[in-house]
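These are the residues of each chain, in order.
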Amino acid sequence: MELSAVSSSYARWAPIYDKTFGVLTSQGRRRAVDYINGRGGKVLEVGVGTGLSLPSYMDTVEVTGIDYSPEMLEKAVKKHQGKNLSPVKELLQMDARELAFPDNTFDTVAAMHILSVVPEPEKVMAEIARVLKPGGEVIITNHFARDKGFLAFIEKITAPLDNLLGWHSDFEKQRILRQDVLKLKVEKQIPPLGMMTFMVLRKRDA
Ligand SMILES: C[S@@+](CC[C@H](N)C(=O)[O-])C[C@H]1O[C@@H](n2cnc3c(N)ncnc32)[C@H](O)[C@@H]1O
């Protein structure tokens, strides 16, 4: 998607996101946050959206969240302020293709339901790899295109609606596996209906 389409699409999604797409994707988000809490350390959540994950972080971690959409981010800020979520350090408006953090900053980077939304996902993955510490991990939950079956057919026919939907329904997994320094460690299909994938990629040690 173009960045202008991300802006307009997520300005529309922001008021209804938590009770619609947010509910559908809750199990993946929960699994990712549990995994991250178990690791501890400094966490960057790329595309934090309305901050649905934020109340689930534990004091083992220190979380920085970024998102491009001011409307989505405003919802996240309200959740943070309303509940005084101590693991959350800061929430910033930023383009995931140009992360304003030094190299090797974070122990973990989370990218939940964002890689099929961003323009230039390869560039976002390169930025994620750059800001991760050696030995750090990227935690991904996302929907990826299927090769066959009825759902693959639905993905293909809805693909031209990406700017309206707010994501690419036929997004190919290979596009996020092109960073030499990141090696796939875990890959699992998760609910609803095994439509989502949970992945862990580990950055090569220094
Ligand atoms: C489907 S939502 C997912 C939000 C959240 N991660 C979740 O699981 O609920 C996708 C988010 O990606 C954000 N996004 C899209 N392109 C971005 C970019 N280039 N930089 C930062 N955020 C971006 C959108 O604004 C939106 O909030």
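Residues numbered from 1 in each chain as written. Predicted model: local features only at pLDDT ≥ 70, side-chain atom pairs only at ≥ 80, totals over all residues. Heavy atoms only, no water.

**Some details on the environment of Ala76**
For step 1, the next point in the chain: Mapping Ala76 onto the fold places it in helix α4 (residues 70–83).
For step 2, the next point in the chain: A residue is classified by how much of its surface remains accessible, and Ala76, at 0% relative accessible area, is buried.
For step 3, the next point in the chain: Sequence separation of Ala76 and Leu91 is 15 residues, and the distance between their C-alpha atoms is 7.8 Å.
For step 4, the next point in the chain: Setting aside residues no more than four positions away along its own chain, Ala76 makes contact with Gly49, Thr50, Gly51, Leu54 and Leu91. (Helix = DSSP H or I, 4+ residues; strand = E, 2+ residues; numbered from the N terminus. Buried < 20%, exposed > 50% of the residue type's maximum accessible area, 1.4 Å probe, protein only. Contact = heavy atoms within 4.5 Å.)

**A few points about the pairing of strand β7 (residues 196–203)**
For step 1, the next point in the chain: Burial of β7 is extensive: seven of the eight residues sit out of reach of the surface.
For step 2, the next point in the chain: One ladder, built from seven bridges, connects strand β5 (residues 132–143) with β7; its direction is antiparallel. Each bridged residue has a counterpart across the sheet, and for Ile140 the counterpart in β7 is Met199.
For step 3, the next point in the chain: Relative to β7, strand β6 (residues 182–190) is paired through eight bridges, and the arrangement is antiparallel. Bridge pairing links Leu184 to Leu201 in β7.
For step 4, the next point in the chain: Taken together, β6 and the strand that follows it, β7, pair antiparallel across an intervening segment of five residues, in which Leu193 is found at a positive phi of about 60°. (Pairing = 2+ DSSP bridges.)

**Section: the pattern of salt bridges**
For step 1, the next point in the chain: Tallied over the entire structure, the rule returns 16 salt bridges.
For step 2, the next point in the chain: For the salt bridge of Arg130 with Asp103, the shortest nitrogen-to-oxygen distance reads 2.8 Å. Here Arg130, found in helix α5 (residues 121–131), pairs with Asp103, found in the loop between β3 (88–93) and β4 (106–112); they are 27 residues apart in sequence, far enough to count as distant.
For step 3, the next point in the chain: Judged by its relative accessible area of 24%, Arg130 is partly exposed.
For step 4, the next point in the chain: Note on Asp103: relative accessible area 47%, which makes it partly exposed.
For step 5, the next point in the chain: Of the charged contacts, one joins Asp205 and Arg202 as a salt bridge, the two residues approaching to 3.2 Å between their closest N and O atoms. (Salt bridge = Lys/Arg side-chain N within 4 Å of Asp/Glu carboxyl O.)

**Examining the nonpolar core**
For step 1, the next point in the chain: Ranked by internal contacts, the top residues of the largest apolar core, which has 32 residues, are Tyr10, Ile36, Leu54, Tyr57 and Leu91.
For step 2, the next point in the chain: Mapped by element, the contributors of at least two residues to this core are α1 (3–13), α3 (26–39), β2 (61–67), α4, β3, β4 and β7.
For step 3, the next point in the chain: If you tally residues by element for this core, the top one is α1, at five residues.
For step 4, the next point in the chain: Among the nonpolar cores identified, the runner-up in size contains 27 residues, and Leu115, Ala129, Leu132 and Val138 belong to it. (Core = buried A, V, L, I, M, F, W, Y, C linked by side-chain atoms within 4.5 Å.)

**Considering the site of the ligand**
For step 1, the next point in the chain: Around the ligand there are 22 residues in total, and Tyr17, Gly47, Asp67, Ala96 and Met112 lie nearest to it.
For step 2, the next point in the chain: Within the backbone of Met112, an N or O atom sits 2.7 Å from a nitrogen atom of the ligand.
For step 3, the next point in the chain: The fraction of the free accessible surface of the ligand (600 Å²) that becomes covered by protein chains is 99%.
For step 4, the next point in the chain: Here the shell around the ligand takes three residues from α1, the largest share from any one element.
For step 5, the next point in the chain: For the shell around the ligand, the class distribution of residues is 15 nonpolar, four polar and three charged. (Near = heavy atom within 4 Å. Polar contact = N/O pair within 3.5 Å; in protein donor to acceptor, adjacent residues only side chain to side chain. Areas by Shrake-Rupley, 256 points an atom, 1.4 Å probe, with all protein chains shown as cover. Nonpolar A, V, L, I, M, F, W, Y, C, P; charged D, E, K, R; others polar.)

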